[in-house]
Amino acid sequence: NAGVTQTPKFRVLKTGQSMTLLCAQDMNHEYMYWYRQDPGMGLRLIHYSVGEGTTAKGEVPDGYNVSRLKKQNFLLGLESAAPSQTSVYFCASSYRTGAVNSPLHFGNGTRLTVT
Amino acid sequence: GDSVTQMEGPVTLSEEAFLTINCTYTATGYPSLFWYVQYPGEGLQLLLKATKADDKGSNKGFEATYRKETTSFHLEKGSVQVSDSAVYFCALSDGGSYIPTFGRGTSLIVHP
């Protein structure tokens, strides 16, 4: 049981380049989330999805797009990378928020540097 | 809206010391409460949870009690180890929202 898998683990981009981060979960979870983690800022929600084919904006969505074409996958795209998007990106999934047995399951992160 | 406030870090302790990391919350509904731990270079993982008032969550020697009257969920451990060095996040999930609310995290450093 792999849980939540993020690819790639590391990436260096030049300003203006684009890339897609892939998140895959094998737990049949409905909800999926993309967060960024920066020093002193905690976790900030970028986008989230409550089911296949649905997405919604979080706290810091500008400069990012997402897609949830299959229930198990949640893709995060950067159309034109900027140095301010240098961060560690975490994907998470859960069966259903608000229930005792629905904590978030996190991937191990993607460390992105934009030069 | 919902919010979670954690004590500022880093918290620096010697091995075998007693640990408390304070967490208070505001919520519109009746939330479930969680503590997550993040070890260096890894993602967050669930440490413990509680779903109703006076419930005590426990795992790996850590404990936290859901205190509705003080809206708190403080994390405690009687004797910390160097291997407990990590960042700890308090969080809540309110049934009225799809989005869990996290505190900013508290870094714990344990010296031998």
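Preceding this section is the structure that the text describes.
Report on the accompanying structure.

What counts and what doesn't
- Residues numbered from 1 in each chain as written.
- Chains lettered and ligands numbered in written order.
- Predicted model: local features only at pLDDT ≥ 70, side-chain atom pairs only at ≥ 80, totals over all residues.
- Heavy atoms only, no water.
- Salt bridge = Lys/Arg side-chain N within 4 Å of Asp/Glu carboxyl O.
- Helix = DSSP H or I, 4+ residues; strand = E, 2+ residues; numbered from the N terminus.
- Buried < 20%, exposed > 50% of the residue type's maximum accessible area, 1.4 Å probe, protein only.
- Disulfide = S-S within 2.5 Å.
- Contact = heavy atoms within 4.5 Å.
- Polar contact = N/O pair within 3.5 Å; in protein donor to acceptor, adjacent residues only side chain to side chain.
- 1 Å grid on protein atoms, 1.4 Å probe; cavity = no way out; pocket = protein on both sides within 12 Å on 5 of 7 lines; lining within 4 Å.
- Points joined across faces, edges and corners; volume = space filled by probe spheres on them.
- Nonpolar A, V, L, I, M, F, W, Y, C, P; charged D, E, K, R; others polar.

Details of the pattern of salt bridges
Under the criterion given, the structure shown has 7 salt bridges over all chains. Between Asp54 of chain B and Arg67 of chain B there is a salt bridge, and its shortest N-O distance comes to 3.7 Å. Here Asp54 of chain B is found in the loop between strand 6 (44–50) and strand 7 (56–59), whereas its partner Arg67 of chain B is found in the loop between strand 8 (62–65) and strand 9 (75–77), with 13 residues between them in sequence. With a relative accessible area of 51%, Asp54 of chain B lands in the exposed category. One salt bridge connects Lys77 of chain B with Asp84 of chain B, and the closest N-O pair in it is separated by 2.7 Å. Residue class for Lys77 of chain B comes out buried when judged on its relative accessible area of 10%. Assessed through its relative accessible area of 6%, Asp84 of chain B is described here as buried. Salt bridges sharing partners connect three or more residues here, namely Arg36, Asp38 and Arg44 of chain A.

Some points on the state of the cysteines
All names here are of chain B. Under the defined criterion, the tally for this structure stands at 2 disulfides over all chains. The disulfide partner of Cys23 is Cys90, and the S-S distance across this bridge is 2.0 Å. Taking the torsion about the S-S bond as the criterion, the Cys23 to Cys90 disulfide, at about -70 degrees, is left-handed. Of the two residues, Cys23 is situated in strand 4 (residues 23–26) and Cys90 in strand 10 (residues 86–93); the sequence distance between them amounts to 67 residues. Here Cys23 falls in the buried class, since its relative accessible area comes to 0%.

Notes on the interface of chain A and chain B
With 22 residues of chain A at the interface, the matching set in chain B holds 21 residues. Our count for the contact surface shared by chain A and chain B stands at 0 salt bridges. Seen at the junction of chain A and chain B, the total is 5 residue pairs in polar contact (both at pLDDT 80 or more).

As for the layout of surface pockets
Roughly 540 Å³ of internal volume is contained in the largest pocket. Around the largest pocket sit 32 residues that line it, and Val87, Phe89, Arg104, Gly105 and Thr106 of chain B are the ones nearest its centre. At the level of elements, strand 4 (31–38) and strand 9 (87–94) of chain A together with strand 1 (3–6), strand 10 and strand 12 (106–111) of chain B are the ones that each hand at least two residues to the lining of the largest pocket. In terms of residue class, the lining of the largest pocket is made up of 14 nonpolar, 13 polar and 5 charged. Considering only enclosed or pocket space, the second largest pocket measures out at about 250 Å³ in volume. Around the second largest pocket sit 13 residues that line it, and Leu43, Arg44, Leu45 and Glu59 of chain A together with Phe102 of chain B are the ones nearest its centre. Breaking the lining of the second largest pocket down by element, the ones donating at least two residues are strand 5 (42–49) of chain A together with strand 11 (101–102) of chain B. Tallied by class, residues from the lining of the second largest pocket come to 7 nonpolar, 3 polar and 3 charged.

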